[in-house]
Protein chains: 2
Amino acid sequence: MKRTIYDVADAAGVSIATVSKVINGTGRISDKTRKHVVAVMDRLQYKPSMVASALTGKSTYTIGLTIPDLANPYFAEIARAVEDRGHEHGFNLFICSTDNDPEKEDRYFSLLTQKRVDGIIVATRTSKELFLKQLVQKKVPIVLIAGEMPALALDTVMVDDYLGGYQAGSHLVELGHRRIAILAEDLDHISNQERIRGCLQAMRDHGVAIDDSLVQVGGFTLDSGRTAATSLLNGSEPPTALFACNDLLAIASIQAAREQGLKVPDHLSVVGFDNTILATMIDPSLTTVAQPIQEIGRQAVDLLIQEIRNEKSIKQRAVLLPELIIRQSSAAIEP
Amino acid sequence: MKRTIYDVADAAGVSIATVSKVINGTGRISDKTRKHVVAVMDRLQYKPSMVASALTGKSTYTIGLTIPDLANPYFAEIARAVEDRGHEHGFNLFICSTDNDPEKEDRYFSLLTQKRVDGIIVATRTSKELFLKQLVQKKVPIVLIAGEMPALALDTVMVDDYLGGYQAGSHLVELGHRRIAILAEDLDHISNQERIRGCLQAMRDHGVAIDDSLVQVGGFTLDSGRTAATSLLNGSEPPTALFACNDLLAIASIQAAREQGLKVPDHLSVVGFDNTILATMIDPSLTTVAQPIQEIGRQAVDLLIQEIRNEKSIKQRAVLLPELIIRQSSAAIEP
DNA sequence: TTGAAAGCGCTAACAT
DNA sequence: ATGTTAGCGCTTTCAA
């Protein structure tokens, strides 16, 4: 039932080599034969098997993307950007949600390897550099998104988290805020650390005192974020502004504020990070540090493809700059 | 550099047939040899190539999922559910966002075919049954999600849209509403038609008059939805309640209401559909008809795998029931 | 219990 | 300009 190159060759009265050549546009074949073969392929609805062609050493035109969770809008948007750019180059995308579980991640890496993907884009926060090392050792092209891997020389696309934090902090200070809380998702991850560091530095640069008790961890869920934000707002000397290290936590903070009877931005200014679709959905719309998600996906894929094609001799790190988008969740402090 | 079954055979001093047998657990081999071979495979970090094994006729353990847009939270959640269930069975997932563009869809189908995926889950609103027919003809296992394909006998997992609409309508009527608007995303698609039909029927069953001018199309974006909702709210005899055919449109409606100085739910009750993560994020939290997204993904994968394994003789349609989740965006009509 | 050998569908020299 | 043929890494009879 399934058509093979032999069927086409037979039907066209030529050799399989000739068919292969017209498929790939290689070698030299007369216009006449080419057209004839193409016609026969059409008639037979023949589609060359990429499995077979991959076995002969050609590319699989497949890449893998590991992310913590596809249901998280930020990563869904990243994935979409990667998918689109990949598709433009004829690549298909394997999605791998790891929930930041090292075992799951390892299993995915293993599968991707066995399926001979051409390369992998890693957007997970791998604590286990071990797995990556193995891949590197096996010469699997890899590009990292939004995470640093100081011990490994890998192509990386990242956002300047420090600058983003600095922008958020400056914005709030310039609005007159002096007590600024920070809600991180996870202090272990370097991107969070940098966002915090940037925000604190902005405060320092503007002569604002820093209160360590105002920096808290909000976790990965709306619920945990709301809890953390609530405790922040219930302190003895509550903040008038809050910088959340991602949009989800920012929304959790707004919800917490509302529960405490605090109006945003009147009583509390909130700034997020990421600029996911969520930022425009909520009320008040969210002032947030925008990551150039499309560009991140595009550059990650482009780097990976260069790597795959062996067009690169050295690794590089692309640092993209974030941009503060001012919406309605931040305002000048009440007089 | 890359290890093959030959390397393992050599290193273990056995034939490749033996190695193959221990990999697959087939044939009979002494415990001694098995252990020895396993040890050698470990030492060599050997991973069998699924490309080669697929070429010999075995499954690729890969499925494709076509959706309109991965960046849309509803489809991201569906994709995550499909991914998870597939992963439990050792399948990897190719993501294909088509933007409902028939050409893109066709291109994806073509690629998936060439890569010999074991099956495809289709969650796009294919206007072109043509492509599906070709796949069916080629005996590619297919499962449809959330869309009807009356002309084709295909395994399908769907939600009872009519019932969902009915639940939404009943809820609003029981709250005392008499002027109920409906915002659809696209009247061409049957699931929207059914949701509307259900809502209207609920109104009729409760003796509520139906005003056709209160049914409008809101499109696929927040912006277009807000525009449509605005015009709905600006009519001569504005509605006191609105049923949106998905959460995105519901949110757009709430935004439109706010822009008009209308409070939700005080002046306007809003009910959505899908129960995506968005529903809990906005204020007021959204009353919405919940789709059992996990279950949809699970059943779609299970059906597909049965199909792949040839364990099914007849096609079937799984109709899952939606459930109304009452939150804060709907309330009894003002006296 | 193990191995030899014939494919799977395609590519890429190398001939012709 | 076209065809012959030897792999690619694995599975699977069929012998031994």
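Residues numbered from 1 in each chain as written. Chains lettered and ligands numbered in written order. Predicted model: local features only at pLDDT ≥ 70, side-chain atom pairs only at ≥ 80, totals over all residues. Heavy atoms only, no water.

Within the UniProt annotation, "domain: HTH lacI-type" (unreviewed entry) is assigned to residues 3-57 of chain A. End C-alpha atoms of residues 3-57 of chain A are separated by 22 Å, and the span's content is 67% helix alongside 0% strand. (UniProt positions renumbered as here; feature names shortened; annotations may be inferred. Helix = DSSP H or I, 4+ residues; strand = E, 2+ residues; numbered from the N terminus.)

Attention now goes to the sheet that holds strand β7 (residues 215-217) of chain A. Residues and elements named next belong to chain A. Reading across from one edge, β7-β6-β8-β9-β10-β12 is the order of the six strands in this open sheet, with mixed pairing throughout. Single-partner strands in this sheet number two, and they are β7 and β12 (323-325). On average, each strand axis in the sheet is inclined to that of its neighbour by 20 degrees, with strand direction left out of account. Bridge analysis of strand β6 (residues 180-184) against β7 gives three bridges, and the strand direction is parallel. (Pairing = 2+ DSSP bridges. Axes fitted to C-alpha atoms, helices over the stretch in contact; angles between N-to-C directions.)

Turning our eyes to something else, we now look at the sheet that holds strand β6 (residues 180-184) of chain B. Residues and elements named next belong to chain B. Read across the open sheet, the six strands follow the order β7-β6-β8-β9-β10-β12; overall the sheet is mixed. With one partner strand each, in any of the chains shown, β7 (215-217) and β12 (323-325) form the two edges of the open sheet. Geometrically, the sheet is characterised by an average inter-axis angle of 20 degrees between neighbouring strands, direction not taken into account. Where β6 lies against strand β8 (residues 241-244), four bridges are found, and the strand directions are parallel. The residue bridging I182 from the neighbouring strand is F243, located in β8. Across the sheet, helix α9 (residues 190-205) is in contact with β6, β7, β8 and β9 (269-274); its angle to β6 comes to roughly 170 degrees. In this fold helix α11 (residues 247-259) packs onto β6, β8, β9 and β10 (287-290), with an angle of close to 160 degrees to the strand it touches most, β9. (Contact = heavy atoms within 4.5 Å.)

The subject of this paragraph is the nonpolar core. Ranked by internal contacts, the top residues of the largest apolar core, which has 56 residues, are L65(A), I121(A), L65(B) and I121(B). Those residues in contact with L65(B) that lie beyond four places of it in its chain are A79(B), V82(B), L93(B), F94(B), I95(B), C96(B), I121(B) and A123(B). One finds L183(A), A250(A), A279(A) and A228(B) within the second-largest nonpolar core, a separate group that totals 52 residues. (Core = buried A, V, L, I, M, F, W, Y, C linked by side-chain atoms within 4.5 Å. Buried < 20%, exposed > 50% of the residue type's maximum accessible area, 1.4 Å probe, protein only.)

With that settled, the discussion passes to the protein's contact with DNA strand C. Lining the immediate surroundings of DNA strand C are 25 residues, of which I5(A), Y46(A), T18(B), K21(B) and T33(B) lie closest. The contact in question runs from a sugar or linking oxygen of DNA strand C to an N or O atom on the side chain of T56(A), over 3.3 Å. Between DNA strand C and the protein, one listed contact pairs a phosphate oxygen with a side-chain N or O atom of T33(B) at 2.6 Å. Of all the secondary-structure elements, those providing two or more residues to the surface near DNA strand C are α1 (5-12), α2 (16-24) and α4 (50-55) of chain A together with α2 (16-24) of chain B. Among the elements that take part in the surface near DNA strand C, α2(A) stands out by supplying four residues, more than any other. Partitioned by chemical class, the residues of the surface near DNA strand C number eleven nonpolar, eleven polar and three charged. (Near = heavy atom within 4 Å. Polar contact = N/O pair within 3.5 Å; in protein donor to acceptor, adjacent residues only side chain to side chain. Nonpolar A, V, L, I, M, F, W, Y, C, P; charged D, E, K, R; others polar.)

A separate point is the interface of chain B and chain A. Each partner contributes to the interface: chain B provides 52 residues, whereas chain A provides 51 residues. Around 5300 Å² of area is buried between chain B and chain A when both sides are counted, 57% of it from carbon and sulfur atoms. The three residues of chain B that bury the most area against chain A are R80(B), H87(B) and M281(B), which together make up 13% of that side's buried surface. Our count for the contact surface shared by chain B and chain A stands at six salt bridges. Between D69(B) and R80(A) there is a salt bridge; the shortest N-O distance is 2.7 Å. Viewed at the interface, chain A and chain B are joined by 32 residue pairs in polar contact (both at pLDDT 80 or more). At the level of secondary structure, the elements contributing two or more residues to the side of chain B that touches chain A comprise α4 (50-55), α5 (73-88), β2 (92-97), α6 (102-114), α7 (129-137), α11 and α12 (278-281) of chain B. Of the residues forming the side of chain B that touches chain A, the biggest block, seven residues, is contributed by α5(B). Residues of the side of chain B that touches chain A, tallied by class, amount to 24 nonpolar, 13 polar and 15 charged. (Buried area = accessible area lost by both parts, 1.4 Å probe. Salt bridge = Lys/Arg side-chain N within 4 Å of Asp/Glu carboxyl O.)

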